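# Structural characterization, general
Next come the chains, spelled out residue by residue.
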Amino acid sequence: MIDQKVVSPEYLFFEAPREEMFITGSEAVKEAVKRANVDMAISYPITPQSESMHLVGDLFRDGYLRDYYRGESEFAVMSAVAGAAMGGVRAFTATGGPGTLRAFEAFSTWAGARLPIVCAFMTRGINSPLSIQPDTIEMAFMLDTGIIVIHVETAQELYDAILKSFIIAEKTDVHVPVGVFVDGFFVTHTRDKIKVPSDDIKLPPYNPYSAPVPVMDMENVPIRHMRDPFVMKSNFISYACHASWQQEILAAVERSRKHIQHYFGSLIEAENQDAEILIVASGTAVSQSREAVELARAEGINVGLVKIKSIRPFPTKEIKELSSNAKYVIVPEFNRVGWLAREIKASINESDKVISSPKVFGGMTMPPELILDEIRRCSK
Amino acid sequence: MKKDVFKISPCFEDIMPQEYIELVRENTSPFDNNQGVNGLGGGKELIEEHPLCAGCGLALSLRMILASLPNPEDTIVVGSTGCSAIAFPQVALHNIHSLFGNQNAVASGLKRALKLRFPEKTKDIVVIAGDGATADIGLDMVMQSWFREENITTIMLDNEAYANTGGQESGMSQKGAVLNMAPTGKKFSKVSLPEIARESGCAYAGAVNPSNIKRFEKMVQRAILVAREIGPSYLQVFAPCPTNYKLRPNETLIKAKSREKDNTYPVKEYISPTAQEFLNKLEEGKHNG
């Protein structure tokens with residue numbers, strides 16, 4: 001193993017001197033995992049994720065990880081990562097698009113078993129019909145699996161979010177998986193300037209005995225351990241147990257709010273929030289929106305911008321407050337279903353002021369002019 | 001596992017059940033007494049009750065497998081959806097019931113994690129799953145764990161049907177069997193998984209039934225010890241299903257014996273040369289010792 005000094009998360013995140021790199025989003029994943037003190041990573045190829053897990057494999061070769069292998073499918077990889085986490089090690093993997101759907105059943109069980117896995121989801125279109133292009137529709141499916149959902153905009157945020165997510169996922173009062181979602185190609189395959197601390201420091205190791213559920217290692221008294229076997233009985237107590245356990249997972253996700261606030265600064269970021277027209281977006285749609293805001297200002301239209309960083313837990317209270325004075329809330333998205341607009345509509349009183357447009361999908365880029373058109377319509 | 005974790009809190013001494021007092025004070029723990037199948041019925045067991053049907057071959061086999069574990073205090077069982085999953089909550093071992101068919105993938109991650117955390121200790125990972133989970137929905141992950149030479153033991157409880165979901169045809173049902181989802185009879189033969197296991201990299205592969213208790217114990221122990229030291233192993237256990245095949249509860253073992261006798265479910269054992277050498281040393285040592 002490579003010798004790296006263990007430092008506190010606070011030092012690594014906020015205090016350590018950083019140097020600038022000009023790298024792709026995939027390489028940002030490598031830089032994060034290099035400093036994350038990950039025990040095991042398991043990989044399976046799918047575009048646009050493959051390169052990131054190739055690079056994690058290189059980290060294993062170079063002695064930054066203790067175990068790594070290529071599994072046989074996304075479902076098998078997500079299952080194996082679950083096994084590793086149940087065995088008490090820090091585990092990482094990544095997937096995207098159809099891979100996310102192939103593995104889908106596993107994510108709910110990660111949450112159900114309260115496993116502190118961190119997975120990077122590099123989003124891409126789903127095969128209807130076949131596409132390998134950018135699209136965030138898979139996030140719509142993932143919202144109710146019970147995992148924490150972070151949506152990043154840039155390679156810098158991707159780097160920071162992966163490291164911070166391990167620390168949040170492993171908090172005893174949280175201890176549920178975190179999905180770090182990043183828009184495939186737009187971030188994974190483009191270069192950007194990012195700042196990282198030196199690579200001779202790393203996070204403290206995971207302590208499996210800090211988990212609120214027993215680690216499956218036969219080192220503690222063998223009582224009935226996993227949460228699901230005891231719901232395998234058809235009686236009233238099992239129904240009550242299952243219902244209360246589902247609520248417990250939701251509550252664990254809620255408890256992550258304070259940690260997300262601490263490590264990410266906030267669940268949302270807002271600028272010019274008192275404007276009558278607000279654009280609310282997540283991921284790279286925020287970048288396009290920022291350009292549209294500039295164009296609108298040049299035309300003398302006052303527009304505010306809200307960036308949502310945490311989708312689960314959803315910043316319901318913040319969005320409700322921010323949008324209370326707005327006449328229009330424009331939600332541009334890189335998918336056809338408009339899942340973020342649905343979330344926002346469900347969070348505020350006057351849902352008819354939410355405009356679920358522009359929706360761009362199938363891999364097309366989003367010209368800021370499309371967003372500007374919506375702004376112009378609202379400003380009339 | 002440290003066995004001295006079993007203790008009685010002094011303030012509860014006067015209200016503890018007698019069997020728990022015996023467990024702690026008179027050393028009746030199944031973790032302390034490697035009595036094997038001889039010890040069945042003589043003290044605390046790793047499974048004492050089960051919620052399965054009367055005469056269930058799977059319940060009997062599971063009980064015998066657990067009694068045969070060479071290292072129960074450091075054994076983790078990975079199961080899958082099926083009848084056995086309903087019995088696992090009664091088993092006094094850490095056990096993982098994940099999803100349907102992904103048991104060998106979960107076991108791969110778990111085994112590697114425990115190797116990292118306990119490099120000096122023996123932690124046996126034993127997959128115990130039904131025939132649907134092993135030969136049908138999970139076959140990909142079962143075989144891939146063999147290809148990767150994971151140090152895990154896979155034990156199939158073969159009742160020749162998807163039993164817990166209501167008696168559907170499985171890959172292990174006999175050709176011609178009329179079952180749910182095979183209304184005109186199964187169209188293809190029983191999957192020959194011991195042979196597939198042998199060709200897929202298992203150092204030990206076998207098929208057995210619970211009618212001969214000492215032979216059964218020996219094969220379970222061989223499968224686990226080979227997986228610990230040499231490479232992946234597979235054991236297929238014929239566990240007749242009285243409910244779906246309309247047997248009387250007392251006919252389970254008769255069925256197992258007759259299927260062995262008429263060669264429709266023969267006992268098989270394939271051992272790789274390296275595994276054979278290892279077992280020879282071990283078993284000679286036992287005889288001499």
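Residues numbered from 1 in each chain as written. Chains lettered and ligands numbered in written order. Predicted model: local features only at pLDDT ≥ 70, side-chain atom pairs only at ≥ 80, totals over all residues. Heavy atoms only, no water.

Moving on, we come to the overall build of chain B. A count of helices and strands for chain B gives 10 helices and 7 strands. Over its C-alpha atoms chain B spans a radius of gyration of 19 Å, differing by no more than 12% from the 19 Å that the globule rule assigns to 289 residues. For chain B, with 289 residues in total, the buried portion stands at 57%. Approximately 12100 Å² of chain B is accessible, and the part contributed by carbon and sulfur atoms is 51%. Distance between charge centroids for chain B: 4 Å, based on 32 positive and 33 negative side chains. (Helix = DSSP H or I, 4+ residues; strand = E, 2+ residues; numbered from the N terminus. Rg over C-alpha atoms; globule rule 2.2 N^0.38 Å. Buried < 20%, exposed > 50% of the residue type's maximum accessible area, 1.4 Å probe, protein only. Areas by Shrake-Rupley, 256 points an atom, 1.4 Å probe, with all protein chains shown as cover. Lys, Arg positive; Asp, Glu negative; His and termini not counted. Charge placed at Lys NZ, Arg CZ, Asp CG, Glu CD.)

Now for the pairing of strand β1 (residues 75-79) of chain B. Residue and element names in this part refer to chain B. Of all 5 residues in β1, 5 are buried; the element is thus mostly enclosed. Side chains of β1 alternate between two faces, with Thr75, Val77 and Gly79 and Ile76 and Val78 buried alike. The pairing of β1 with strand β3 (residues 124-130) spans 4 bridges and is classified as parallel. Bridging from a neighbouring strand, Thr75 pairs with Asp124 of β3. The pairing of β1 with strand β2 (residues 95-97) spans 3 bridges and is parallel. Directly across from Val78, in β2, lies its bridge partner Ile96. (Pairing = 2+ DSSP bridges.)

Attention shifts here to the interface of chain A and chain B. Taken residue by residue, the interface counts 40 residues in chain A and 42 residues in chain B. Buried area between chain A and chain B, summed over both chains or domains, comes out near 3500 Å², and the portion from carbon and sulfur atoms is 63%. Inspection of the chain A/chain B interface yields 5 salt bridges. For Glu72 of chain A, the salt bridge goes to Arg148 of chain B, with nearest N and O atoms at 2.7 Å. If you look at where chain A meets chain B, you find 14 residue pairs in polar contact (both at pLDDT 80 or more). Contributing elements (two or more residues each) for the side of chain A that touches chain B: β4 (67-70), α4 (74-86) and α6 (104-112) of chain A. For the side of chain A that touches chain B, the leading source of residues is α4 of chain A, giving 7 residues. Across the side of chain A that touches chain B, the residue classes break down as 21 nonpolar, 8 polar and 11 charged. (Contact = heavy atoms within 4.5 Å. Buried area = accessible area lost by both parts, 1.4 Å probe. Salt bridge = Lys/Arg side-chain N within 4 Å of Asp/Glu carboxyl O. Polar contact = N/O pair within 3.5 Å; in protein donor to acceptor, adjacent residues only side chain to side chain. Nonpolar A, V, L, I, M, F, W, Y, C, P; charged D, E, K, R; others polar.)

Chain-level pLDDT for chain B is 93 on average; 98% of the residues reach the 70-or-more range. Here the prediction assigns the complex a pTM of 0.96, and the interface score ipTM is 0.95. (pLDDT = per-residue confidence, 0-100.)

Structurally, Asp39 of chain A can be placed in the loop between α2 (25-34) and β3 (40-43). Setting aside its immediate chain neighbours within four residues, Asp39 of chain A contacts Leu65, Arg66, Asp67, Val89 and Arg90 of chain A together with Leu116 of chain B.

So, about unusual backbone geometry. Residues and elements named next belong to chain A. Note that the residue after Thr47, namely Pro48, is joined by a cis bond; omega there is 5°. Examined against the element boundaries, Pro48 turns out to sit in the loop between β3 and α3 (50-61). Cis geometry is found at the peptide bond from Ser357 to Pro358, where omega equals -5°. Residue position: Pro358 is located in the loop between β16 (354-355) and α13 (368-379).

Turning our attention to the pattern of salt bridges. When charged atoms on two side chains of opposite charge get close, those side chains can pair. If you walk through the whole model with that rule in mind, you get 46 salt bridges over all chains. One salt bridge connects Arg18 of chain A with Asp160 of chain A, and the closest N-O pair in it is separated by 3.1 Å. Within this pair, whereas Arg18 of chain A is found in strand β2 (residues 18-24), its partner Asp160 of chain A is found in helix α8 (residues 155-169), the two being separated by 142 residues in sequence. The exposure class assigned to Arg18 of chain A is partly exposed, which follows from its relative accessible area of 26%. For Asp160 of chain A, a relative accessible area of 15% corresponds to the buried category. Here Lys214 of chain B and Glu217 of chain B are joined by a salt bridge, their closest N and O atoms 3.0 Å apart.

Looking now at the sheet that holds β1 of chain B. Residue and element names in this part refer to chain B. Across the sheet, 7 strands lie side by side as β2-β1-β3-β4-β6-β5-β7; this open sheet has mixed pairing. Of all the strands in the sheet, the pair left with one neighbour each is β2 and β7 (268-271). Between one strand and the next, the sheet's axes are offset by a mean angle of 15°, whatever the strand orientation. Sheet topology note: the strand β4 (residues 153-158)/strand β6 (residues 233-238) ladder contains 6 bridges and is parallel. Counterpart to Ile155 in the pairing with β6 is Leu235. Packed on one face of the sheet, helix α2 (residues 57-68) meets β3, β4 and β6 and runs near 155° to β4. (Axes fitted to C-alpha atoms, helices over the stretch in contact; angles between N-to-C directions.)

Before going further, it helps to spend a moment on the state of the cysteines. Residues and elements named next belong to chain B. The final tally for this structure, using the stated rule, is 0 disulfides over all chains. Of all cysteine sulfurs, the one in Cys56 lies closest to Cys53, which takes part in no disulfide; the gap is 6.2 Å. Judged by its relative accessible area of 39%, Cys53 is partly exposed. (Disulfide = S-S within 2.5 Å.)

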